[in-house]
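Coordinate inspection notes
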Amino acid sequence: MKNLKYGLGLALMGLASHAFAQNEADALRYSRIQFGGPARALGIGGATSAVGANLGSLVSNPAGLGLYVKSDASFTPGFGQLSTKAQAGSSSISDQRSSLLLSNLGVAFTNRLTDDDNTSAWRSGTFAFGITRLNDFNSRYHYRNTTTEDRSFFQRLREPRVSYDDIDQEYQDNAYTSLDGLAYGAYLTNFYRSRLTGGDSLGTLRRVGDINQEETVQTSGGQTQFDFGYGASYRDKLYIGGAIGVVSTRYKETRDFQETENDPNTPFTSLLRRNTLETKGTGFNFRLGVIYRPADYMRFGLSVQTPTFSKLTDSYGASIQSNFSREPYSGAGVTSASESTQPGEYTYQLTTPFRATGGAVFLLGKYAFVSGDVEYVNYSQARLSGADGDGASVFSVENEAISNSYGKALNYRAGIEGRFEVFRVRAGYARYGDPFKTATFDRAQNFYTAGVGFAQRNFYLDLSGVYNTTDSYTSAYTIDSGRQPVVGVKGDRFVTSVTVGVNF
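Residues numbered from 1 in each chain as written. Predicted model: local features only at pLDDT ≥ 70, side-chain atom pairs only at ≥ 80, totals over all residues. Heavy atoms only, no water.

For the protein chain, an unreviewed UniProt entry supplies the name Hemin receptor and the organism Hymenobacter wooponensis.

1. Regarding the pairing of strand E21 (residues 487-503)
Quick note on the threshold: Two strands qualify as a pair provided DSSP detects at least 2 bridges between them. By definition, any uninterrupted DSSP run of H or I lasting at least four residues is a helix, any uninterrupted run of E lasting at least two residues is a strand, and each is numbered from the N terminus.
Pairing analysis gives 14 bridges linking strand E1 (residues 72-88) to E21, with the strands arranged antiparallel. Bridge pairing in E21 places glycine 78 opposite serine 497.

2. Comments concerning the confidence of the model for the protein chain
Keep this limit in mind: What pLDDT expresses is the predictor's confidence in each residue, scored from 0 to 100. By definition in these notes, contact holds between two residues if any of their heavy atoms fall within 4.5 Å.
For the protein chain, per-residue confidence averages 89 on the pLDDT scale, and residues scoring 70 or more make up 92% of the total. In the predicted structure, residues 1-19 sits below a pLDDT of 50 and forms 48 contacts with residues beyond four places in sequence or in another chain.

3. Considering the packing of aromatic side chains
Using the following cut-off: Each Phe, Tyr or Trp ring (for Trp, its six-membered ring) is paired with any other whose centre lies within 6.5 Å, and the angle between the two planes then decides the class: stacked below 30 degrees, edge-to-face above 60, tilted in between. Type-normalised accessible area, obtained with a 1.4 Å probe on protein chains alone, sets the label of each residue: buried when under 20%, exposed when over 50%, and partly exposed for intermediate values.
The tally for this structure, following the rule as stated, stands at 24 aromatic pairs. Arranged with centres 5.0 Å apart and planes meeting at 40°, the rings of phenylalanine 129 and phenylalanine 228 form a pair that is tilted. Of this pair, phenylalanine 129 sits in strand E3 (residues 122-136) while phenylalanine 228 sits in strand E7 (residues 211-234), and the two are 99 residues apart along the sequence. Accessibility expressed as a relative area gives 41% for phenylalanine 228, which makes it partly exposed. Ring centres of phenylalanine 423 and phenylalanine 454 lie 5.8 Å apart, and the angle between their planes is 55°; on these two criteria the pair is classed as tilted. Highlighted residues: phenylalanine 423 in strand E18 (residues 423-432) and phenylalanine 454 in strand E19 (residues 445-455), separated in sequence by 31 residues.

4. Focus on the side chain of glutamine 484
The condition that has to hold: Polar contacts, as used here, are pairs of N or O atoms within 3.5 Å; protein pairs need one atom able to donate a hydrogen and one able to accept it. Residues neighboring in sequence count only if both atoms are side-chain atoms.
Within the secondary structure, glutamine 484 sits in the loop between strand E20 (459-474) and E21. At a separation of 3.2 Å, a polar atom in the side chain of glutamine 484 contacts the main-chain amide nitrogen of isoleucine 479. The residues contacting glutamine 484, other than those within four sequence positions of it, are Arg151, Ser475, Tyr477, Thr478 and Ile479.

Written out as structure tokens, the structure reads:
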């Protein structure tokens with residue numbers, strides 16, 4: 001370990017605790033949820049806030065439970081396939097990943113007054129339980145890139161201006177705790193005596209010519225919400241409802257980044273940096289909604305959802321492996337090296353933004369309806385805090401980055417359903433606005449949906465397809481000049497869901 005003594009101080013720049021994982025990107029990942037529900041709700045683009053009588057109402061507007069006239073139970077499995085294309089410079093690489101998922105499962109118990117028992121103005125009430133998939137994190141992308149030394153990973157290693165004592169103190173429990181410590185232990189950097197100041201100066205190995213980069217990023221997991229809700233009908237004109245949601249979060253990420261060089265004048269040949277992250281946790285939120293029907297052919301809905309208050313635990317690790325054609329430094333005595341952090345774990349809290357949704361549906365008798373929703377979200381309101389709720393001291397930098405990076409966004413959803421005796425045909429579109437304040441890249445999400453259905457008196461079968469396009473941008477590291485390579489990732493996800501349901 002280059003003969004460093006064991007230090008007992010805190011790790012460099014706090015990296016021993018939570019900086020390997022929690023930041024503004026994590027806050028956005030768990031705040032930017034998608035619409036969900038049975039295949040019928042998916043087929044109309046998730047525009048269900050004023051439609052009602054559907055288990056998707058638990059998520060969009062629980063007042064819709066008040067429109068049930070019979071009890072309902074359904075099961076909705078799904079199959080998703082994600083295609084990605086990563087663009088780095090003039091090079092682009094395509095990849096695919098598929099997954100099985102549970103889109104929705106639920107049951108609604110309805111108690112409706114008969115025509116002979118209409119003394120009460122409250123005509124019906126429905127209690128419902130549902131499980132809904134809100135996020136699917138299954139993806140994989142891969143890219144290759146050629147860059148220059150001043151934009152390479154080695155440029156990142158030169159910039160911290162750390163001292164020998166910093167690295168000395170960082171080495172704990174036979175392992176380094178930061179990226180700079182790992183690079184030093186893997187012989188990618190070294191300290192030299194400065195002739196000007198007489199102090200130690202951190203330097204990297206010499207690099208010559210073009211530098212080849214390659215990275216593979218694979219993620220898995222998702223967010224699932226368990227809802228308990230109740231909706232009631234007042235004179236079949238006004239519908240009110242509320243729901244409690246329990247959100248289960250599971251996320252796993254592995255990033256393998258490589259740089260290679262083949263120039264015989266330098267000892268460096270390759271490095272492999274691996275970062276791993278696994279997040280598990282649970283949160284809860286509350287939802288209230290109303291639907292008003294001024295006429296038989298129209299309904300208007302409004303719902304609000306509190307922030308989701310989650311407690312999350314990150315398990316993380318990092319490693320660097322390096323290879324050389326000869327000794328990297330005089331007296332080093334190695335041609336390869338490997339360093340890993342000790343497995344780390346950190347528990348924290350995340351509060352996602354408040355959400356408000358307004359919607360309307362217009363009915364063409366028993367033959368068709370058109371629906372639309374507008375949802376408001378202010379992503380800058382997301383907040384990270386310590387396990388004890390102390391956010392000001394623990395996550396002040398990260399919360400400032402959330403406020404500076406993200407802003408307000410509107411999500412639009414629209415759908416149509418046509419009825420032809422026992423058959424149903426559906427189509428929809430949704431656009432989820434860009435959560436970033438800056439307009440350098442457009443990160444809006446577009447959803448194109450379609451579906452068909454078959455309904456008899458007490459049985460129904462629905463099929464839906466949701467095609468989703470996203471654009472995202474990533475960098476394997478950051479440098480002070482901001483000239484690090486930026487990789488664009490285009491994602492196309494297609495999810496097919498089938499709902500089997502009964503009325504009773």
